[in-house]
Amino acid sequence: MTSRSYRELCPIARTSDLLGERWTVLIIRELLLGPKRFSDFRERLPSMGTNRLSERLTTLCDAGVVERLGRTEGYALTPWGEGLRPILFDIVRWGFPLLLQREEGDASRAEIIALGLTALLPPAADATGVRETYAFSIDDERFHVSFQEGRYRAASGLPDAPADGTVTGSIAAFLDTVMGGEGGAEQLQIVADPAARDRILALLGAPAALAAAHA
């Protein structure tokens with residue numbers, strides 16, 4: 001228990017002790033996209049100091065939320081840490097409207113937006129047996145989204161096998177498409193067969209689908 005602990009025998013208080021320090025949840029967010037090396041965190045969270053990053057990773061490893069993958073392979077969520085995915089996805093669904101309050105200078109990463117999109121859609125109907133992967137090249141970002149048994153899952157980097165669809169474009173076009181801007185997905189280059197294209201468009205249109213469901 002840290003010196004800044006609430007010191008209450010309460011699961012909410014104890015969880016806040018562990019996850020409430022600045023940057024901790026963002027470290028977990030990065031690991032929802034797959035294992036990361038220390039240098040990956042430094043690249044993706046440039047405002048976070050090296051000492052603080054080391055401290056947060058040590059705390060999460062000691063707590064059993066994160067595990068070290070050898071000396072050079074980086075860090076990954078443990079099965080217990082993976083249990084945070086649905087919890088954080090609930091936060092994504094609650095907080096997605098806050099993205100409409102964009103301010104000048106806000107950092108924008110397409111793979112993080114894609115991670116959020118995967119949280120917004122319920123399992124697709126009539127998708128039994130469908131297994132596809134979509135590769136995204138948005139400016140200098142490379143990530144992919146897999147679709148399996150009706151669910152989407154985002155991960156950093158390009159897929160190991162050839163993708164079933166590709167999406168290329170700028171971060172400005174990607175954000176405008178996701179936020180329902182004029183021109184929509186026509187601003188992005190999507191190469192896929194019709195069925196896969198429809199699934200990609202469903203992912204990119206997740207915010208509009210969520211808004212319609214709660215209208």
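Higher on the page you've got the structure.
As a starting point, this report considers the structure included with it. (Residues numbered from 1 in each chain as written. Predicted model: local features only at pLDDT ≥ 70, side-chain atom pairs only at ≥ 80, totals over all residues. Heavy atoms only, no water.)

**Re the overall build of the protein**
When its secondary structure is counted, the protein shows ten helices and seven strands. For the protein, whose C-alpha radius of gyration is 18 Å, the value lies close to the compact-globule estimate of 17 Å for 215 residues. By principal-axis analysis of the C-alpha atoms, the protein measures approximately 55 × 40 × 40 Å. Counting over 215 residues, the protein shows a buried share of 42%. Residue pairs at least 24 apart in sequence account for 55% of intrachain contacts in the protein once pairs closer than 6 positions are excluded. For the protein, the exposed area adds up to about 12500 Å²; of that, 52% sits on carbon and sulfur atoms. Averaging the positions of the 23 positive and the 29 negative side-chain charges in the protein gives two centres separated by 7 Å. (Helix = DSSP H or I, 4+ residues; strand = E, 2+ residues; numbered from the N terminus. Rg over C-alpha atoms; globule rule 2.2 N^0.38 Å. Buried < 20%, exposed > 50% of the residue type's maximum accessible area, 1.4 Å probe, protein only. Contact = heavy atoms within 4.5 Å. Areas by Shrake-Rupley, 256 points an atom, 1.4 Å probe, with all protein chains shown as cover. Lys, Arg positive; Asp, Glu negative; His and termini not counted. Charge placed at Lys NZ, Arg CZ, Asp CG, Glu CD.)

**Some thoughts on unusual backbone geometry**
In the Ramachandran plot, R7 falls in the positive-phi region, its phi being about 55 degrees despite a non-glycine side chain. One non-glycine residue, D126, lies in the positive phi region at around 55 degrees. Here D126 shows up in the loop between helix 7 (110-120) and strand 3 (131-138). The exposure class assigned to D126 is exposed, which follows from its relative accessible area of 80%.

**What about helix 2 (residues 24-32)?**
Of all the residues in helix 2, the buried ones are T24, I27, I28, E30, L31 and L32. Just downstream of helix 2, G34 is the residue with a positive phi angle, here 120 degrees.

**Some words on the pairing of strand 3**
For strand 3, the tally of buried residues reaches seven of eight residues, placing the bulk of the element in the interior. Taking the residues between adjacent antiparallel strands as the criterion, strand 3 and strand 4 (residues 141-148) are bridged by two residues, where D139 takes a positive phi near 55 degrees. Strand direction decides the pairing type here: strand 3 and strand 6 (residues 165-169), joined by five bridges, are parallel. Residue pairing for strand 6: S137 is matched across the bridge by T168. (Pairing = 2+ DSSP bridges.)

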